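# An overview of the molecular structure
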Amino acid sequence: METLHISAGSKKYPVYIGIGAVNQLKSFLQENYPKLTSVLIITDETVGKLYLEEFKAALNLSETYVKVVPAGEKAKTFEVYHECLSYALEKKLDRKSLILSFGGGAVGDLAGFVAASYMRGIPFIQIPTTILAHDSAVGGKVAINHALGKNMIGAFYQPEAVFYDLKFLQSLPPAEIRSGFAEVIKHALISDEEFYDWLVKSVENLNSIPNTLMTEFLTKGIKVKGAIVEQDETETGVRAYLNFGHTLGHAIEAEAGYGSISHGEAVAIGMVFALKISMERHSFNFNLLEFNEWLKKLGYVTELPEGLSTHRLLARMKQDKKSVGQKVRFVLLNKIGSPGVEELDDAYLLNRLDAFKRQGGIA
Ligand SMILES: O=C(O)C(=O)C[C@@H](O)[C@H](O)[C@H](O)COP(=O)(O)O
């Protein structure tokens, strides 16, 4: 078991990571919330079926309520958000109550936004159950989606703690593993060539990752994220680097339909595209073909999904939260480990997107 600490704005909180981490939750609550009145567990259908009864029994708290939401991005809708708020009001949660987010990235985004907005904010704790959530559970970005864009309604709202029990990762399906691992790759590419080289050498397939290796790359990823969030909690500057691959990635998710492609698999395509542009604009030595082949060996698709309009993708990117005045701002690399944010001209972007589509990716 390892304990990391995240500093974000005026807040500092622990991330307990390792097999059995969740066993520390009850004592954490007893020590830090002696006047706790009630707890609302927000979980999804998949996690609920697998782990909820065991989780509730281990907590054994008197006033525990549960809201089960749809799995994945389908949880991040106004309707589900409203249902959660209504349920919390019906169960008379008060400002001494606490929300436990028990699930993957989408549950954490939704539950965190419910906590951020219920009675103008009550505490919440992240208990992530996916690889993706090593990224989304840390740093305080909480949100729901809108038809006009992903994560368009949300807040920066930090959890009280994160209990990251890696036993929950053992039941993940391949697409979910790919989704989360893409964010590990992102953390390596934006931070450190040594991390990236180690990752490519260490991970040859995603179907049987040893616990020690999983713990090591998740811990490295969280440390990369924590260092950036400590510098820039509300994304006025360097926090945008954590969005590498997301400008196109979010556009693909929205155009393909939320849930039809996983977040990380869309980000993987976005990272290949962003790397290609980066190498065109900043001549640096990187074997993009080797990266592309590694991704395909791991099961990723590295070209645009069939039938997506590049014009519509551009329109989506113009609405990205990093864009200013409808000018698209991309996170590019000057070299591995050296990200920057650049404004890209619409005509240039459309030309590169059309080439990417025509060539089936980078080749
Ligand atoms: O924490 C951040 O900042 C990130 O950009 C991390 C992303 O991997 C994550 O998917 C985030 O939710 C996307 O942020 P958004 O601002 O593009 O909605």
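An unreviewed UniProt entry lists the protein chain under the name 3-dehydroquinate synthase, with Mesobacillus foraminis as the source organism. Taken directly from UniProt, the Catalytic activity (unreviewed entry) text for the protein chain runs: "7-phospho-2-dehydro-3-deoxy-D-arabino-heptonate = 3-dehydroquinate + phosphate".

Once that is clear, we can look at the packing of helix 12 (residues 310–318) against helix 13 (residues 346–358). Here helix 12 crosses helix 13 at 135 degrees, and the two axes come no closer than 10 Å. By the angle between their axes, helix 12 is oblique relative to helix 13. Regarding helix 12 and helix 13, the two cross each other, and that crossing is right-handed. Across the interface between the two elements, T310, H311, L313, L314, M317 and K318 from helix 12 touch D346, L349, L350, L353, D354 and K357 from helix 13. Of the residues that constitute the contact of helix 12 with helix 13, the class distribution is six nonpolar, two polar and four charged.

Further remarks concern the layout of surface pockets. As a volume, the largest pocket reaches approximately 700 Å³. In terms of lining, the largest pocket is formed by 38 residues, of which the most central are K141, N151, E235, N243 and K321. Listed by contribution, the elements that provide at least two residues to the lining of the largest pocket are helix 4 (105–117), helix 5 (133–136), strand 7 (141–146), strand 8 (149–156), helix 6 (174–191) and helix 9 (246–256). Looking at the lining of the largest pocket, the element that brings in the most residues is strand 8, giving seven residues. Tallied by class, the residues present in the lining of the largest pocket amount to 12 nonpolar, 11 polar and 15 charged. Formed jointly, the lining of the largest pocket draws a minimum of three residues from each of two domains, domain 1 (2–171) and domain 2 (174–358). Of the pockets and cavities examined, the second largest pocket occupies roughly 610 Å³. For the lining of the second largest pocket, the element with the most residues is helix 2 (residues 45–59), which contributes four residues. Of the residues that constitute the lining of the second largest pocket, the class distribution is 12 nonpolar, 11 polar and five charged.

This brings us to the packing of helix 6 against helix 8 (residues 211–231). Running from N to C, helix 6 and helix 8 cross one another at 55 degrees; their axes reach a closest spacing of 9 Å. Classified by the angle between their axes, helix 6 and helix 8 sit oblique to one another. Viewed along their axes, helix 6 and helix 8 form a crossing whose handedness is left-handed. Contacts from F181, V184, H187, I190 and S191 of helix 6 reach helix 8 at F217, L218, G221, V224, K225 and I228. Looking at the contact of helix 6 with helix 8 residue by residue, the class counts come to seven nonpolar, three polar and one charged.

Before going further, it helps to examine the packing of aromatic side chains. A full pass over the atoms with the stated rule returns 20 aromatic pairs. Seen from their ring centres, Y196 and W294 are 6.4 Å apart, and the 90 degrees between their planes marks the pair as edge-to-face. Within this pair, whereas Y196 is found in helix 7 (residues 193–202), its partner W294 is found in helix 11 (residues 288–297), the two being separated by 98 residues in sequence. The residues Y196 and W294 share a single accessibility class, namely buried. Here a set of aromatic residues connected by ring pairs shows up, and it is made of F181, Y196, F217, F284, F286, F291 and W294.

A contiguous patch of negative charge, built from D192, E193, E194, D197 and E290, is present on the exposed surface. Per-element tally for the negative patch: the top contributor is helix 7, with three residues. You can see E194 is positioned in helix 7.

In this section: the nonpolar core. Nonpolar side chains tend toward joint burial in soluble globular proteins. Judged by nonpolar contacts, the single largest core of 79 residues is most densely connected at F181, L189, F291 and W294. The greatest single-element share of this core, amounting to 10 residues, is contributed by helix 10 (residues 263–281). Both domains that meet at this core, namely domain 1 (2–171) and domain 2 (174–358), each give it at least three residues. Sequence-distant contacts of L189, defined by excluding residues within four places in its chain, comprise Y196, F244, M271, L275, F286, F291, L333, I336 and G337. Core analysis: the next-biggest nonpolar cluster, separate from the first, contains 25 residues, Y81, I99, F113 and V142 among them.

Next up on the list: the environment of S283. Mapped onto the secondary structure, S283 falls in the loop between helix 10 and helix 11. Between the alpha carbons of S283 and L333 there is a distance of 10 Å; along the sequence they are 50 residues apart.

So, about the UniProt feature "domain: 3-dehydroquinate synthase C-terminal" (unreviewed entry) in the protein chain. Mapped onto the present numbering, the UniProt feature "domain: 3-dehydroquinate synthase C-terminal" (unreviewed entry) falls on residues 180–323. Spanning residues 180–323, this segment combines 64% helix with 0% strand, and its end C-alpha atoms are found 25 Å apart.

Turning next to helix 7. Of the residues making up helix 7, those classed as buried are F195, Y196, L199 and V200. Projected down its long axis, helix 7 carries its buried residues within an arc of 130 degrees, all on one side. Summarising the geometry of helix 7, the exposed residues directed more than 90 degrees from the buried face are E194 and K201. Buried residues along helix 7 sit in contact with helix 6, helix 8 and helix 11. Between a side-chain oxygen at the N-terminus of helix 7 and the backbone nitrogen of E194 the separation is 2.7 Å; the capping residue is D192.

Of note in this structure, K92 is not a glycine but carries a positive phi near 60 degrees. Here K92 shows up in the loop between helix 3 (78–90) and strand 5 (98–103). The class for K92 is exposed, based on a relative accessible area of 64%. If you check the backbone angles, R120 has positive phi at about 65 degrees while not being a glycine.

What counts, and at which threshold
Throughout, a residue's number is its position along its own chain's written sequence, starting from 1. In view of the model being predicted, local features appear only for residues whose pLDDT reaches at least 70, and side-chain atom pairs are presented and counted only at 80 or more, with totals across whole chains, interfaces and linings using the full set of residues. Each side-chain value is derived from all of the structure's non-hydrogen atoms; neither hydrogens nor water enter the calculation. UniProt positions are given in the numbering used here, feature names are shortened, and annotations may be inferred rather than shown by experiment. Every axis corresponds to a line fitted to the C-alpha atoms, with the helix fit spanning only the stretch in contact, and the corresponding angles, defined between N-to-C directions, vary from 0 to 180 degrees. For the purposes of this entry, the term helix denotes a DSSP run of H or I that reaches at least four residues, the term strand denotes a run of E that reaches at least two, and both are numbered from the N terminus. Relative orientations are named as follows: roughly parallel for angles under 35 degrees, roughly antiparallel for angles over 145 degrees, roughly perpendicular for angles from 65 to 115 degrees, and oblique for any other angle. Crossing handedness follows the turn of the near helix against the far one: under a right angle anticlockwise gives a left-handed crossing, and clockwise gives a right-handed one. Residue contacts are defined here by distance: any two heavy atoms, one from each residue, within 4.5 Å place the two residues in contact. By the convention adopted, Pro, Cys, Tyr, Trp, Phe, Met, Ile, Leu, Val and Ala count as nonpolar, Lys, Arg, Asp and Glu as charged, and the other residues, Gly among them, as polar. As defined here, a cavity is a set of points on a 1 Å grid over the protein atoms alone where a 1.4 Å probe fits but cannot get out. A pocket is an open set with protein on both sides within 12 Å along at least five of seven lines, and residues line them when an atom is within 4 Å of a point. Grid points are joined across faces, edges and corners, and a volume is the space filled by probe spheres set on the points. Where each domain begins and ends follows an automated or database-derived domain assignment. Aromatic rings from Phe, Tyr and Trp, with only the six-membered ring used for Trp, were paired whenever their centres fell within 6.5 Å, and each pair was classed as stacked if the ring planes differed by under 30 degrees, edge-to-face if by over 60, and tilted otherwise. Think of it in three bands: with a 1.4 Å probe and only protein chains considered, a residue is buried below 20% of the maximum accessible area for its type, exposed above 50%, and partly exposed in between. For patches, a residue must show more than 30% relative accessible area and have no salt bridge; joins then use 9 Å for like charges and 5 Å for nonpolar side chains, namely Val, Leu, Ile, Met, Phe, Trp and Tyr. Only the protein chains shown count as cover for residues, with accessible areas throughout obtained via the Shrake-Rupley method and a probe of 1.4 Å. One speaks of a salt bridge when a side-chain nitrogen belonging to Lys or Arg is within 4 Å of a carboxyl oxygen belonging to Asp or Glu. In this charge count, Lys and Arg are treated as positive and Asp and Glu as negative; neither His nor the chain ends contribute. Charge coordinates come from a single atom per side chain, which is NZ of Lys, CZ of Arg, CG of Asp or CD of Glu. Nonpolar cores were defined as sets of buried Ala, Val, Leu, Ile, Met, Phe, Trp, Tyr and Cys residues, with membership established by side-chain atoms within 4.5 Å. Arc definition: directions from the helix axis to the C-beta atoms. We call two N or O atoms a polar contact when they sit within 3.5 Å, provided that within protein one can donate a hydrogen and the other can accept it, with sequence-adjacent residues counted only if both atoms are side-chain atoms.

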